[in-house]
Amino acid sequence: NITYQSRLFLFTDYEYAYGDWEHTIDLNINRFLTTRLYAHMRYDTTTPYIEGSSWKKFQFKEIFSFGFAYHFGTI
């Protein structure tokens, strides 16, 4: 009932570095209801500096979704 997926992507050309790390957790509550938790972390050295920000080159995004599915049968 629980599925976990992770993906790591790194790239550099010796002038800048870039990396993505994604995590996805799928939860099947029952045959009608599902939930998904998605977390995406990114590091990019080409990101401009923002005054007053402590994250600078790190970015983080998370999404929590809730789904309902029903299949109609044919007669």
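Refer to the structure presented above.
Keep in mind that this is a model prediction, so the values were computed, not measured.

Chemist: Before we go on, may I ask you to explain the pairing of strand S2 (residues 17–28) in this structure?
Modeler: Each regular strand carries side chains that alternate between the two faces of the sheet. Here strand S1 (residues 2–12) pairs with S2 via eleven bridges, running antiparallel. Within the sheet, the bridge partner assigned to Thr3 lies in S2 and is Asp26. With antiparallel pairing between neighbouring strands as the criterion, S1 and S2 make up a hairpin whose turn holds four residues, including Tyr14 at a positive phi of roughly 70°. Across eleven bridges, S2 lies against strand S3 (residues 33–44) in antiparallel orientation. Across the sheet, the residue bridging to His23 is Ala39, located in S3. Following S2, the chain reverses through four residues before pairing antiparallel with S3.

How each quantity is defined
- Residues numbered from 1 in each chain as written.
- Predicted model: local features only at pLDDT ≥ 70, side-chain atom pairs only at ≥ 80, totals over all residues.
- Heavy atoms only, no water.
- Pairing = 2+ DSSP bridges.
- Helix = DSSP H or I, 4+ residues; strand = E, 2+ residues; numbered from the N terminus.

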